[in-house]
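# Coordinates in review
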Amino acid sequence: MDEVSEETIEEIRTYFNVFDTKGDKKVSIDVIGEMVRAFGGNPTNAEIEKICKQVDCQGGRISIEQFIPMFNTLSKWSKDRAKKPEALLEAFRMFDNEGNGMISALEIRQLLTKLGEKLTDAELDIILSGYEDSDGFVRYAQLLQGVTGQQD
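This is a predicted model, so every value here is computed, not measured.

We now examine the environment of Arg37. Position of Arg37 among the secondary structure elements: in helix α2 (residues 32-38). With a relative accessible area of 37%, Arg37 lands in the partly exposed category. Considered as a pair, Arg37 and Leu74 are 37 residues apart in the sequence and their alpha carbons are 9.7 Å apart. Non-local contacts of Arg37, meaning those with residues more than four positions away in its chain, are made with Asn42, Pro43, Asn45 and Ile48.

Counted according to the given criterion, the structure contains 6 aromatic pairs. Consider the rings of Tyr15 and Phe19, whose centres lie 5.1 Å apart with planes at 50°: the pair is tilted. With a gap of 4 residues between them, Tyr15 and Phe19 both fall in helix α1 (residues 6-19), about one helical turn apart. On the accessibility criterion, Tyr15 (25% relative accessible area) is partly exposed. The exposure class assigned to Phe19 is buried, which follows from its relative accessible area of 18%. When the ring of Phe92 is compared with that of Tyr140, the centres are 5.7 Å apart and the planes differ by 25°; the resulting orientation is stacked.

Further remarks concern the packing of helix α6 (residues 105-114) against helix α7 (residues 121-128). Direction vectors running N to C along α6 and α7 enclose 135°, while the axes themselves pass 11 Å from each other. For the element pair α6 / α7, the angle class is oblique. As α6 packs across α7, the resulting crossing turns out to be right-handed. When α6 is examined against α7, the residues Ala105, Ile108, Arg109, Leu112 and Thr113 are found in contact with a partner set consisting of Asp121, Leu124, Asp125 and Leu128. Of the residues that constitute the contact of α6 with α7, the class distribution is 5 nonpolar, 1 polar and 3 charged.

About the thresholds
For every chain, the first residue of the written sequence is number 1, and numbering continues from 1 along that sequence. In keeping with the model being predicted, local features are shown solely for residues with a pLDDT of at least 70 and side-chain atom pairs are shown and tallied solely at 80 or more, while totals for entire chains, interfaces and linings include all residues. Side-chain metrics in this entry use all non-hydrogen atoms of the structure; hydrogen atoms and water are not considered. Elements are defined by DSSP. Helices are runs of H or I of four residues or more, strands are runs of E of two residues or more, and each kind is numbered from the N terminus. For every residue, the accessible area (1.4 Å probe, protein chains only) is compared with the maximum for its type, and the residue is labelled buried under 20%, exposed over 50%, or partly exposed between those bounds. By definition, residues are in contact when any of their heavy atoms lie within 4.5 Å. Each Phe, Tyr or Trp ring, with Trp reduced to its six-membered ring, pairs with another whose centre is within 6.5 Å; inter-plane angles below 30 degrees give stacked pairs, above 60 give edge-to-face pairs, and intermediate values give tilted ones. Orientation is described by axes fitted as lines to C-alpha atoms, over the contacting stretch for helices, and by angles from 0 to 180 degrees between their N-to-C directions. With respect to orientation, any angle under 35 degrees is reported as roughly parallel, any angle over 145 as roughly antiparallel, any angle of 65 to 115 as roughly perpendicular, and every other angle as oblique. In this scheme, a crossing is called left-handed if the near helix is turned counterclockwise away from the far one by less than a right angle; it is called right-handed if the turn is clockwise. Three classes are used: nonpolar for Ala, Val, Leu, Ile, Met, Phe, Trp, Tyr, Cys and Pro, charged for Asp, Glu, Lys and Arg, and polar for all others, with Gly counted as polar.

In structure tokens form, the structure reads like this:
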């Protein structure tokens, strides 16, 4: 628990109690991602599955003492991933056939619905909102800045 401030632990306890639907001081492993996201993390489903395999989740439920180390790890992974937008930028460049900093929104949609963490059309509409031009192209560097919240 040394990486999480006492203030954050108290906030987690409050949030934890909301999801403790059985009154047994445990929450379902199904809400782990939602809880980490509530505190600014952005774990992938694969990361959540990986960490759940490392913890004894008796009956599919965990205690706050089990959750806090998971929270630390998932938050760290999210922060580490957010610090590496250049890898995403390089991936987008592979699809930039013209070398003009743009790729088609259709191509982005196809990639993000078929590879990795598959996104829904509604999620893609939200992500691409404001980035797609009238010709159906996206300046991917601007999109990444908007999605990651990082500036050049």
